[in-house]
Number of protein chains: 2
Amino acid sequence: MELLQNDLLLRAARGEKTERVPVWMMRQAGRILAEYRAVREKAGSFIQLATNPELAAEVTIQPVDLLGVDAAIIFSDILVVPEAMGLPYEMEEKRGPVFPNVVRTIADIDRLRIAEPERDLKYVLDAIKIVKRELNGRVPLIGFAGAPFTIFCYMVEGRGSKTFSIAKKALYADAEFSHTLLQKITDSTIAYLKAQIAAGANLVQLFDSWAGILSPAQYREYSLPYIKQICDAIFEVPLTVFAKGAFFARQEIGQLNCSVVGLDWNMDPAESRLLIPDKTLQGNLDPCVLYASFSQIKVEVRKMIETFGTQHYIANLGHGVYPDTNPDKVRCFIESVKEYSESPAQTSSIG
Amino acid sequence: MELLQNDLLLRAARGEKTERVPVWMMRQAGRILAEYRAVREKAGSFIQLATNPELAAEVTIQPVDLLGVDAAIIFSDILVVPEAMGLPYEMEEKRGPVFPNVVRTIADIDRLRIAEPERDLKYVLDAIKIVKRELNGRVPLIGFAGAPFTIFCYMVEGRGSKTFSIAKKALYADAEFSHTLLQKITDSTIAYLKAQIAAGANLVQLFDSWAGILSPAQYREYSLPYIKQICDAIFEVPLTVFAKGAFFARQEIGQLNCSVVGLDWNMDPAESRLLIPDKTLQGNLDPCVLYASFSQIKVEVRKMIETFGTQHYIANLGHGVYPDTNPDKVRCFIESVKEYSESPAQTSSIG
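Being a predicted model, the structure only gives us computed values, none of them experimental. (Residues numbered from 1 in each chain as written. Chains lettered and ligands numbered in written order. Predicted model: local features only at pLDDT ≥ 70, side-chain atom pairs only at ≥ 80, totals over all residues.)

Asker: Sorry, what's going on with the interface of chain B and chain A here?
Answerer: The accessible area lost on association of the parts is a frequent measure of interface size. Counting residues at the interface gives 22 residues for chain B, matched by 22 residues for chain A. Residue composition of the side of chain B that touches chain A, by class: 11 nonpolar, 7 polar and 4 charged. (Contact = placed C-beta atoms within 7 Å. Nonpolar A, V, L, I, M, F, W, Y, C, P; charged D, E, K, R; others polar.)

Asker: Whenever I open this one, the relation of the copies chain B and chain A confuses me. Can you help?
Answerer: A rotation about some axis, followed by a shift along it, carries one copy of the chain onto the other. Mapping chain B onto chain A is achieved by rotating through 180 degrees and translating by 0.0 Å along the same axis, at an RMSD of 0.0 Å. Here the symmetry operator amounts to a two-fold rotation axis. (Least-squares fit on C-alpha atoms with pLDDT ≥ 70 in both.)

Asker: Help me out: how do you make sense of the sheet that holds strand β8 (residues 280-285) of chain B in this one?
Answerer: Whether parallel or antiparallel, the strands of a sheet pair through hydrogen bonds between backbone atoms. If you walk across this open sheet you meet the 7 strands as β1-β4-β5-β6-β7-β8-β9 (chain B), and the pairing is parallel. For this open sheet the edge positions go to β1 (72-73) and β9 (313-317) of chain B, each flanked by a neighbour on one side alone. (Pairing = 2+ DSSP bridges. Helix = DSSP H or I, 4+ residues; strand = E, 2+ residues; numbered from the N terminus.)

Asker: Just checking my understanding: could you explain the packing of helix α4 (residues 53-67) of chain A against helix α8 (residues 122-135) of chain A for this structure?
Answerer: Angle between the axes and distance between the axes: these two values describe a pair of packed helices. All names here are of chain A. For the pair α4 and α8, interaxial distance at closest approach is 8 Å and the crossing angle is 45 degrees. Taken together, the axis directions place α4 and α8 in an arrangement best described as oblique. When the axes of α4 and α8 are compared, the crossing they make is right-handed. Contacts between α4 and α8 pair Pro53, Glu54, Ala56, Ala57, Thr60, Ile61 and Val64 from the former with Tyr123, Asp126, Ala127, Ile130, Val131, Glu134 and Leu135 from the latter. Among the residues forming the contact of α4 with α8, the class breakdown is 10 nonpolar, 1 polar and 3 charged. (Axes fitted to C-alpha atoms, helices over the stretch in contact; angles between N-to-C directions. Parallel < 35°, antiparallel > 145°, perpendicular 65-115°, else oblique. Left-handed = near helix turned anticlockwise from the far one by under 90°.)

Asker: Any chance you could explain the packing of helix α8 (residues 122-135) of chain B against helix α11 (residues 175-199) of chain B here in plain terms?
Answerer: Residue and element names in this part refer to chain B. One way to put it is that α8 packs onto α11 with a least axis distance of 9 Å and a crossing angle of 25 degrees. Classified by the interaxial angle, the pair formed by α8 and α11 is roughly parallel. When you trace α8 past α11, the crossing you get is right-handed. For the pair formed by α8 and α11, the contact residues are Leu125, Ile128 and Lys129 on the first element and Ala195, Gln196 and Ala199 on the second. Classifying every residue of the contact of α8 with α11 by side-chain character gives 4 nonpolar, 1 polar and 1 charged.

Asker: Is there a simple way to think about the confidence of the model for chain A in this case?
Answerer: Predicted coordinates in regions of low pLDDT should not be interpreted in detail. All names here are of chain A. In this model, chain A carries a mean pLDDT of 95, and residues with pLDDT of at least 70 account for 97%. With pLDDT under 50 throughout, residues 346-351 is counted as low confidence; its partners more than four residues away or in other chains account for 7 contacts. Both confidence scores are given for the complex: pTM 0.94, ipTM 0.91. (pLDDT = per-residue confidence, 0-100.)

Asker: What is the right way to read α11 of chain B from this model?
Answerer: Turn by turn, an α-helix covers 3.6 residues, leaving residues three or four places apart pointing in a common direction. Taking 1.5 Å per residue as the helical rise, α11 of chain B with its 25 residues ought to reach 36 Å, and the 36 Å between its terminal C-alpha atoms agrees with that figure. Where α11 of chain B ends, the next residue or the one after it, Gly200 of chain B, has phi of about 135 degrees, a positive value. (Expected span 1.5 Å × (residues − 1).)

Asker: Quick question: what am I supposed to make of the sheet that holds strand β1 (residues 72-73) of chain A here?
Answerer: Residues and elements named next belong to chain A. Ordered in space as β1-β4-β5-β6-β7-β8-β9, the 7 strands form an open sheet in which the pairing is parallel. What marks the edges here is a single partner per strand, and that holds for β1 and β9 (313-317). Bridging between β1 and strand β4 (residues 141-146) involves 2 bridges; their strand directions are parallel. Considered in β4, the bridge of Ala72 is made with Leu141. Contacting β4 and β5 (203-208), helix α11 (residues 175-199) crosses the sheet at an angle of about 170 degrees to β4.

Asker: What should I look at first to understand the environment of Glu35 of chain A in this one?
Answerer: All names here are of chain A. Following the sequence through the fold, Glu35 ends up in helix α2 (residues 34-43). Along the chain, Glu35 and Ile128 lie 93 residues apart, while their C-alpha atoms are 20 Å from each other. With near-sequence residues (within four places) excluded, Glu35 lies in contact with Gln62 and Leu66.

Okay, here's the thing in structure tokens:
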């Protein structure tokens, strides 16, 4: 078994006691850091960076050195899975991801394969191996994938959307098509996460980024059963489910075979503790807090830790950090978590 | 007192018994109708249409004739209030509303006035009077305004945004600025709604379209108190509060001095009845259902009515109807509500 110098994240995820709250940030390896932007420039494009194992590894490790986070998360994109299934995407500078081909019929689904990670996603696995070697046990490495419903949205819609109305139309209009595609994505995702773990990922996180566009009934039919399949299949390392906007499904997510539940900043910490009593929680500072003054950031971090408590808890933002955030504000967030959670007795006098 | 031939909406709003469920749709006067698009073309632009009382009245009445809804809603925009306060907006074809000037300092706020509806918003009041005359009591007319926080978002940010990070930055960074601007918007909004009622509006609705970007704590500080002021000031007609995404504030909204609470499609009807026991509820079909087949629409409408029940209930979508919706599907939605809610006994055998 691997010996980690800092295993706070993994102990918190497993529900064990921690001497302070571990902290990391979604999108920590990214545009907030000038050092990232320099590597991105060198690579040429986002996709060239994500598919170059050496460079992807370099930007994965940057926030560990530069920000002091308690975990690295592999630099990649949730859309590598559809690409590995035979549906490539492009990244347009202002518009985000675009799929030149989309999936609209059973025949379209038949043309897709179940991803074979060692062949189709070798560049991610190689990046993970490099990161593990270079981290040399300093902090754990997080692997990740999109939840099947979120991947479905992109594959059917073909691009980002406020409403994903084409993808949602498919759910209401053609349940067979929808379930067939969701199952193929799920099978690919399980294989991919297992390969990430075999390559060295110490924890994996599922991002259901578009959970919030569904009604509770549709979420129960089209997203939860596939997340459940993944939770039941992954037993090697702790798994985190982060379903942005699925406030209505917290209780059901809390009953899945996962270790950690991620919360967005709309979800009240105290209420979430009641709804999800048996899991470690992760989150949930509003990323906009990092636009405030240093002193205001400290106030908000302290409030957050007081409501979550210092155990069974991983501090994070409630969403990915916004790209125009000042890295000094990010450092203030991270240092405040460490400071307040190490000495919670001192913090109980305010709030 | 005005005699209405169809007062189902008002009776439902007041909590009185209705023989069937009243139904209307947010954005019913709009791009879904070819007849609307023709008038819009004639007017030249959205703003030219909205500021022309005769044409605005014409498109307000169209859905009553063409779709069979139980209420008209005045054709206008929530951004007429900032304009009346001295902050004009433009409507860009693809990008939506844009404010050439924005509000970022106390000095910017000082340059704004509290709207005087009879002078600054006369075109809306004139349109209401024309609609009332031409409707001649067939159905009630709904007036509306944006909730202060949503208007604040546009005035500070200057345009639509996924995150409204500039506006939210102001909340975290400068509480005094934020409360001062919110109060000025609130005072303008109360004057505007009272003028709409004096001109003939039978019910008014507050749209807190961006409620869902706030944390529960921020919503409690920056949105609810201003909605409360408006609810307390408007006593002449029933008032509806629709705060999209504010699932976490349903209980508090349910305790306001309002008659109706609007729900989006993420909010479970049964849970919402428990959280808001004393109000009429309005909503909440996912607008994407109207992309499904006629038979599927009927199934979903029936489910909705069975969960809400036929009393203390106004049927609507959970958001504005999407502009590319087939009007025949819209008619199917409206007719299904009427059909199933008139004979609920027949529907209790399924579901």
